[in-house]
Structures are given as structure tokens and as C-alpha cells.
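Per-entry structural report
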Amino acid sequence: MNTDASFTTTAHLENEAETGAFARRVAPCFVATRGVVTLTGPLGAGKTTFVRALLNALGHHGPVKSPTYTLVEPYPDLAVPVYHFDYYRFADPEEFRWGGFDEYFQPENLCLVEWPEKAHPYLPSPDWQVRIAIEATGSRLLTLGACSTAAKRQWPALG
């Protein structure tokens, strides 16, 4: 995680409801910052579950599909335009450039990116990093880090 410890927090999440509660807690900070949120963790860790809860907190009540095959799912009708990316299927980071994905990364948008390492070095630097690990018990350990100055300004709102 590319942030200092004073702007990092962890949460042990036992189930999907706790993941949703955490996503609702951070949603206002993500909206205020906008920019880029990267989500990392192994397959099945709950990255899309977190995004689904976050989108619900932002007012989206329809289905939330993983963009594994479409690469991006837009949610432009929310108070802040949100774009959910999944770069798992990238074979080459150049696909980010070839696909014109840089056009989505505008200051007014909130871009949620699964598998960001697949688009390195072309993906813009994150404002927030979400890392989800699967613990031996099957629960999740979520680590949230504020990376940018804008995200760090929102840190006190997390309580």
C-alpha cells in the first residue's frame, strides 16, 4: 500500500453485511475526493461485493455486474459519475492505452479499479487504496489507505 501508516486503517469483516457497512461508511469520503480507488485482493476476496455496496450507498439500486468481460461498467446517473473497471483479463498493460481507458479518468469522475496492477504503469495514481485479504477463518481483512492529498483531507470524516 502506497500510503503512510497515519492514513491507513484495517477492518475485520465477518460477512457481506459488514462489508456493506464499511462501504457505506467510506462512500461520502470517496465522493468528496472523486478520482481513483484501487481494489486489490485475490479472486473471490470481495472486491465486487465492496463495489456493489458502495454503489448502493451512492444511490444505485439496480444490478451491479463485475466488469470482468466488459472491462468497464458505467454508472453516470449518480450524483458523481462512477466507472467500475476490472482489468483482470488484461494480457498486456498496453491494453489500457489501446482501449482509451484514460478518457474515463477525469477529475469529476469516481473510478473504481479492480486488478490495477494489470494496467501499471498507465493507470493514474490512486487517491484511495482498498486491499482485501481472505483470512484463514474465511473472514476478510480490509485495509484502506488514503494516498492523495485530497483523500487525506477526508480522513477525519472516517472517524
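The text that follows walks through the structure, step by step, so that each part is easy to find.

1. Some points on the packing of aromatic side chains
On inspection of all chains with the given rule, the structure shows 16 aromatic pairs. With a centroid separation of 5.5 Å and 70° between ring planes, the pair formed by Tyr 87 and Phe 101 is classed as edge-to-face. Residue Tyr 87 is found in the loop between β4 (82–86) and α3 (94–98), and its partner Phe 101 is found in the loop between α3 and β5 (110–114); the two are separated by 14 residues along the sequence. Exposure class is identical for Tyr 87 and Phe 101. Each is buried. Ring centres 6.0 Å apart and planes at 50° place the aromatic pair Phe 90 and Phe 101 in the tilted group. Taken together, the residues span a long stretch of sequence, with Phe 90 in the loop between β4 and α3 and Phe 101 in the loop between α3 and β5 at a distance of eleven residues. Taken individually, Phe 90 and Phe 101 each receive the classification buried, so the pair is uniform in this respect. A connected cluster of aromatic rings, assembled from ring pairs, spans Tyr 83, Phe 85, Tyr 87, Phe 90, Phe 96, Phe 101, Tyr 104 and Phe 105. Here the guanidinium or amino end of Lys 118 rests over the ring plane of Tyr 88, the centre of that ring lying 5.6 Å away.

2. Side note on the sheet that holds strand β7 (residues 140–146)
Pairing between the strands of a sheet is mediated by backbone hydrogen bonds and can be parallel or antiparallel. The strand order β1-β7-β6-β2-β5-β4-β3 describes an open sheet built from seven strands, whose pairing is mixed. Each having just a single partner strand, β1 (8–13) and β3 (72–75) make up the two edges of the open sheet. Taken pair by pair, the neighbouring strands of this sheet meet at an average axis angle of 15°, ignoring direction. Sheet analysis places β3 next to β4, joined by four bridges and oriented antiparallel. Residue pairing for β4: Pro 74 is matched across the bridge by Tyr 83. Contacts from helix α1 (residues 16–33) reach β1, β2 (35–40), β5, β6 (128–134) and β7 within the one sheet, and its direction differs from that of β1 by about 155°. The strands that helix α2 (residues 47–57) touches are β2, β3, β4, β5, β6 and β7; relative to β5, the one it contacts most, it runs at about 160°.

3. A word on α2
Those residues of α2 that sit buried are Lys 47, Thr 48, Phe 50, Val 51, Ala 53, Leu 54 and Leu 55. Phi turns positive, to about 110°, at Gly 59, one or two residues after α2.

4. Quick notes on the side chain of Thr 19
By secondary structure assignment, the location of Thr 19 is in helix α1. What makes Thr 19 buried here is its relative accessible area of 8%. Apart from residues no more than four positions distant in its own chain, Thr 19 is found in contact with Leu 13, Thr 49 and Phe 50.

What counts, and at which threshold
Residues numbered from 1 in each chain as written. Predicted model: local features only at pLDDT ≥ 70, side-chain atom pairs only at ≥ 80, totals over all residues. Heavy atoms only, no water. Phe/Tyr/Trp six-rings, centres within 6.5 Å; stacked < 30°, edge-to-face > 60°. Helix = DSSP H or I, 4+ residues; strand = E, 2+ residues; numbered from the N terminus. Buried < 20%, exposed > 50% of the residue type's maximum accessible area, 1.4 Å probe, protein only. Lys NZ or Arg CZ within 6 Å of the ring centre and 35° of its normal. Pairing = 2+ DSSP bridges. Axes fitted to C-alpha atoms, helices over the stretch in contact; angles between N-to-C directions. Contact = heavy atoms within 4.5 Å.

Function cannot be inferred from these measures alone, as they are strictly geometric.
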